[in-house]
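Analysis of the macromolecular model
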Amino acid sequence: GGRGRMSRPHHLFGDPSMREVTVPVATLWRSPDAPRDVDEPAVRDVPDVAAWAGAMDQEVRLGLHGRTETQLLMGEPARVLEERDGWSRVAALHQASSVHKDGYRGWVRSAHLGDPVPLWRGASATVTSPTAVCEVDEGTLPLSFGTLLWLAGVGDGTATLHLPDGRRGIVRLDDLRLGHKGQQPLFGDDDVLAAAARFLGLRYLWGGTSAWGLDCSGLVHLVLRSLGVLLPRDAHDQVDAVEPVPLDDVRPGDLYFFARPGRRVYHVGFVTSPVAAD
C-alpha cells in the first residue's frame, strides 16, 4: 500500500511559487543545457512527446541517461525554486524522493507551467485510456493515461475539465474515470495488472512517466497514481513506501523489487503470477 494520497491540497496550496503543468507532458531535465538537438520536440513551447519518443533509436534513448530526471503530466503541481532564461527549476510535488522531501527536482521549460486551477476539493477525472484527445480552444491536445484533472461538468458523452491557466478542455467520457479527489477509488489486483498491461510493448524511456515512454519505476508510479495511490518516483524509494510481503505470499498485482546483494534496489516490476515451486 502507498502512503501518499492525492486528495489533500499540498501544503504549498495558495503559494505564489506553485504552478501546474499546462502541456500534456513536461520533461524535467538535469539542467537547461541538457537537451540535445534531437530533443527539440520535447522542449518546444507545445511539446510533441509522441514525435520525440518515436524518432529516437536505442542509442539516442540511452543518451538520455543523466540528462532527463522525470516527467510531469498535465495538471501536475510543481513548485518553482528559481527561473533562468525561459527555464524553471522546480520540485515535482507528486513525485516524492528520498533526496528531496518535497519532490523530484529538475529544470522544465517555463512555457510548460501555468497558474494552478483554483480548487482543492470536488469532482475529478482520471484518463484511463492509454491516450485521450482533449479539445481546447486552439485545437486538440493528447492526454496521457493517468492524467488527473478537475471536473467542470458532464455533457452528452463528454466531460468538461478544468485545465491550468484558466482554460477548459473537453474529453470523451469513455476515456475517463470520474471520481472525487477526496476519495481513493476501489481497486483490486486485476485492475492493477489491467492498467499495467496496457503498456506491454512500449519502449523503455529513461525518466518516462507517460503513455509515450516509461521506465520501470515510472510504470509502477503511473499505474498506481491512476488508482489514487502516490508512490515515490524511484524504485529504491518505492520499496520503503510499501509493506513487505513474504515471497511465499506474493500475489499478482504486488511488486517485485530487484537488488544485488548488499546494494540498493535498482529495478521494480509488477507481479503477474506467484512464485513457482522451482
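About the criteria used
- Residues numbered from 1 in each chain as written.
- Predicted model: local features only at pLDDT ≥ 70, side-chain atom pairs only at ≥ 80, totals over all residues.
- Heavy atoms only, no water.
- Phe/Tyr/Trp six-rings, centres within 6.5 Å; stacked < 30°, edge-to-face > 60°.
- Helix = DSSP H or I, 4+ residues; strand = E, 2+ residues; numbered from the N terminus.
- Buried < 20%, exposed > 50% of the residue type's maximum accessible area, 1.4 Å probe, protein only.
- Lys NZ or Arg CZ within 6 Å of the ring centre and 35° of its normal.
- Contact = heavy atoms within 4.5 Å.

Section: the packing of aromatic side chains
Under the counting rule described, the total for this entry stands at two aromatic pairs. Between F145 and F199, the aromatic rings sit 5.3 Å apart at their centres with planes inclined by 75°, giving edge-to-face as the arrangement. Here F145 is found in the loop between β11 (139-144) and β12 (148-154), whereas its partner F199 is found in the loop between α4 (189-197) and β16 (209-210), with 54 residues between them in sequence. Like F199, F145 is buried. Directly above the aromatic system of Y266 lies the positively charged group of R260, at a separation of 4.5 Å from the ring centroid.

So, the environment of G66
With respect to the helices and strands, the residue G66 is situated in the loop between α3 (58-62) and β4 (68-73). What makes G66 partly exposed here is its relative accessible area of 29%. Taking the C-alpha atoms as reference, G66 lies 9.9 Å from S31; in sequence the two are 35 residues apart. The contact partners of G66, leaving out residues within four places of it in the chain, are R30 and W206.

Some thoughts on helix α5 (residues 216-226)
Across the 11 residues that make up α5, a large majority, 10, are buried. Burial in α5 covers these residues: C216, S217, G218, V220, H221, L222, V223, L224, R225 and S226. Positioned one or two residues after α5, G228 has a phi angle of 90°, which is positive.

Comments concerning unusual backbone geometry
Not every positive phi belongs to a glycine, and D85 is a case in point at roughly 50°. Judged by its relative accessible area of 74%, D85 falls in the exposed class. Although it is not a glycine, D165 adopts a positive phi angle of roughly 65°. Along the chain, the position of D165 falls in the loop between β13 (158-163) and β14 (167-172).

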